[in-house]
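Chain by chain, the residues:
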Amino acid sequence: MEIRTAGQQKYYDFIEERLKSLRLGMIIWISLLAVAILAVLAGSKLGIALGVLGAALGVLNIRSQIGLRSKLDGIEDKEDFFNQLIAEDTVEMPEYHLIITEDYVLQYRSEVLIFQLKEMAKVEVGIREQGSYRQKTLFLTEASGKRHEMAVCSHPEQESRFDQAYSVLREKFSS
């Protein structure tokens, strides 16, 4: 996809780590296939194993690339989505890999997730005793009761940013 707006650039900056991982995976499986071809031409049976491994990694990598591209498929008005990413009231929390916009929450951990706030019923905080500190976990909860972990505060120095994330999301649900 060609980047045309600042909002699109911000989205691609947000998913850049995942894109790099997919590109590295692509380099690996293509290299394995190239080595496999050379090994087969040299008469080595190892080439067949490398070829199978390279093909399997290629299939997984291509599926992951398609999955990443499809993240935006559930968004009806993409122009509005990208505009919200660059709006003044958008809150970025790099330490939690979150972006909170007017209508969406973007999260990146092992995978990129986009939550539409209109599909969520509430925001919750879970508290668990962890030694001498109470660990807090921020959740978005669907009407069905399914919870999505957004952030975990496990150290006192993180509390102010955690509380900011909670208050921003609580505001979205109260309006």
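Cut-offs and rules
- Residues numbered from 1 in each chain as written.
- Predicted model: local features only at pLDDT ≥ 70, side-chain atom pairs only at ≥ 80, totals over all residues.
- Heavy atoms only, no water.
- Helix = DSSP H or I, 4+ residues; strand = E, 2+ residues; numbered from the N terminus.
- Buried < 20%, exposed > 50% of the residue type's maximum accessible area, 1.4 Å probe, protein only.
- Contact = heavy atoms within 4.5 Å.
- Pairing = 2+ DSSP bridges.
- Axes fitted to C-alpha atoms, helices over the stretch in contact; angles between N-to-C directions.
- 1 Å grid on protein atoms, 1.4 Å probe; cavity = no way out; pocket = protein on both sides within 12 Å on 5 of 7 lines; lining within 4 Å.
- Points joined across faces, edges and corners; volume = space filled by probe spheres on them.
- Nonpolar A, V, L, I, M, F, W, Y, C, P; charged D, E, K, R; others polar.

(A) Region of the structure containing the environment of Gln158. Along the chain, the position of Gln158 falls in the loop between strand 7 (147–153) and helix 5 (159–174). Judged by relative accessible area, Gln158 falls into the partly exposed class, the value being 27%. Counting along the chain gives 37 residues from Gln158 to Ala121, while the straight-line C-alpha distance between them is 26 Å. Not counting residues within four places of it along the chain, the set of residues in contact with Gln158 comprises Tyr96, Val152 and Cys153.

(B) Quick peek at the pairing of strand 3 (residues 104–108). Taking burial as the measure, the five residues of strand 3 include five buried ones, the bulk of the element. Both faces of strand 3 are covered, namely the face carrying Tyr104, Leu106 and Tyr108 and the face carrying Val105 and Gln107. Adjacent in sequence and paired antiparallel, strand 2 (residues 98–100) and strand 3 are bridged by three residues. Bridge count for strand 3 against strand 4 (residues 112–116) is five bridges, and the pairing is antiparallel. Note on strand 4: the bridge partner recorded for Tyr104 is Gln116. Counted between consecutive antiparallel strands, the loop separating strand 3 from strand 4 contains three residues.

(C) Examining the sheet that holds strand 4 more closely. The antiparallel open sheet is built from four strands, whose spatial order is 1-2-3-4. Each edge of the open sheet is held by one strand with a lone partner, namely strand 1 (91–93) and strand 4. On average, each strand axis in the sheet is tilted by 10° relative to the strand beside it, whichever way the strands run.

(D) Fine view of the layout of surface pockets. Taken as a whole, the second largest pocket holds about 200 Å³ of empty space. Lys10, Asp13, Phe14, Glu16, Glu17, Glu92, Met93, Pro94, His97, Leu98, Ile99 and Tyr108 are the residues that line the second largest pocket. Contributing elements (two or more residues each) for the lining of the second largest pocket: helix 1 (6–14), helix 2 (16–41), strand 1 and strand 2. Broken down by element, the lining of the second largest pocket gets its largest block of residues, three residues, from helix 1. In the lining of the second largest pocket, the residues fall into six nonpolar, one polar and five charged.

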